[in-house]
Amino acid sequence: MMKRCFAAIALVLTTSMGGAQQVSVPSGLDIALYDVILEPAQQTARFRFLAPQIGIENGATFTDVVPDLQYLCDKIVVPGLAENGWTDGDVVISLSASEVEFGVASPEVVQYFQPFSIQAGACMWEDF
């Protein structure tokens, strides 16, 4: 059973970020959190970010955003989850050029995904 807890996580993020929905990342891209999905049975948290500038045509490849993905996990996701009592498990961070419905194929939209595991309060880069 999936549980959407966007409001709780967003509240933590906006509080820690001075009321802003935008997230500052190392690359300087415009990134904003638009969805959080927790799957307690699988110990998986999905954080979905809007990043309109991604994709080869827009100038930001996956390689360009690798530092951003790690930063989002370390500085945004882990603290947000910890504030809500979630201290271990897996995280999937996605960056999407436009908002897409979860679970619906949208091949026309550039999306980057990266899994992490939370170990001892830190994000560990994982492979699919």
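Quick note: structure is the one above.
Structure report, in brief. Per chain, residue numbering runs from 1 following the sequence as it is written. With pLDDT at 70 or above as the cut-off, local features in this predicted model cover only qualifying residues; side-chain atom pairs require 80 or more to be listed or tallied, and sums for whole chains, interfaces and linings still use all residues. In computing side-chain properties, one takes all heavy atoms of the structure into account and sets aside hydrogens as well as water.

**A word on the overall build of the protein chain**
Right, on to step 1. Every helix listed is a DSSP run of H or I at least four residues long, and every strand listed is a run of E at least two residues long, numbered separately from the N terminus. Scanning the protein chain from terminus to terminus reveals two helices and seven strands.
Right, on to step 2. Starting at the N terminus and walking to the C terminus, you meet the elements of the protein chain as β-α-β-β-β-α-β-β-β.
Right, on to step 3. Whether a residue is buried, partly exposed or exposed follows from its accessible area with a 1.4 Å probe, protein chains only, as a fraction of its type maximum: under 20%, in between, or over 50%, in that order. Out of the 128 residues in the protein chain, the part that is buried amounts to 43%.
Right, on to step 4. Intrachain contacts of the protein chain at a sequence separation of at least 6 include 59% that bridge at least 24 residues.
Right, on to step 5. Shrake-Rupley sampling with a 1.4 Å probe provides the accessible areas, and residues are treated as covered by the protein chains on show and by no other component. With the model as given, the accessible surface of the protein chain reaches about 6800 Å², and the carbon-plus-sulfur share is 55%. It only takes one pair of heavy atoms within 4.5 Å for two residues to be counted as in contact.

**Some words on the state of the cysteines**
Right, on to step 1. Only a pair of cysteine sulfur atoms within 2.5 Å qualifies as a disulfide here. All chains considered together, the criterion is met by one disulfide.
Right, on to step 2. What pairs with C73 in a disulfide is C123, and their sulfur atoms sit 1.9 Å apart. An S-S torsion of about -80° defines the bridge between C73 and C123 as left-handed. Pair noted here: C73 is in helix α2 (residues 62-83) and C123 is in strand β7 (residues 122-125), with a separation of 50 residues, a long-range link.

**Points about the side chain of T44**
Right, on to step 1. Its place among the elements puts T44 in strand β4 (residues 44-50).
Right, on to step 2. Overall, T44 belongs to the buried group, its relative accessible area being 10%.
Right, on to step 3. In the analysis that follows, any N or O atom pair within 3.5 Å is treated as a polar contact, provided that within protein one partner can donate a hydrogen and the other can accept it, and provided that, for residues neighboring in sequence, both atoms belong to side chains. Separated by 3.2 Å, the side chain of T44 and the backbone oxygen of Q42 make a polar contact.
Right, on to step 4. The contact partners of T44, leaving out residues within four places of it in the chain, are I37, L38, E39, W86, D90 and V92.

**Remarks on the packing of aromatic side chains**
Right, on to step 1. Stacked, edge-to-face and tilted are the three classes for Phe, Tyr and Trp ring pairs, Trp counted by its six-membered ring, which pair at centre distances within 6.5 Å; planes under 30 degrees apart are stacked, over 60 edge-to-face, the rest tilted. Under the definition given, this model contains two aromatic pairs.
Right, on to step 2. Ring geometry for F62 versus Y112: centroids 5.6 Å apart, planes at 85°, classification edge-to-face. Separated by 50 residues along the polypeptide, F62 in helix α2 and Y112 in strand β6 (residues 111-119) bring together distant segments of the chain.
Right, on to step 3. Judged by relative accessible area, which is 11%, Y112 ranks as buried.
Right, on to step 4. A centroid spacing of 5.3 Å and a plane angle of 90° characterise the contact between F116 and W125, whose relative ring orientation is edge-to-face.
Right, on to step 5. Residue classification places W125 among the partly exposed positions, given a relative accessible area of 33%.

Spatial relationships are all this shows, so hold off on functional conclusions.
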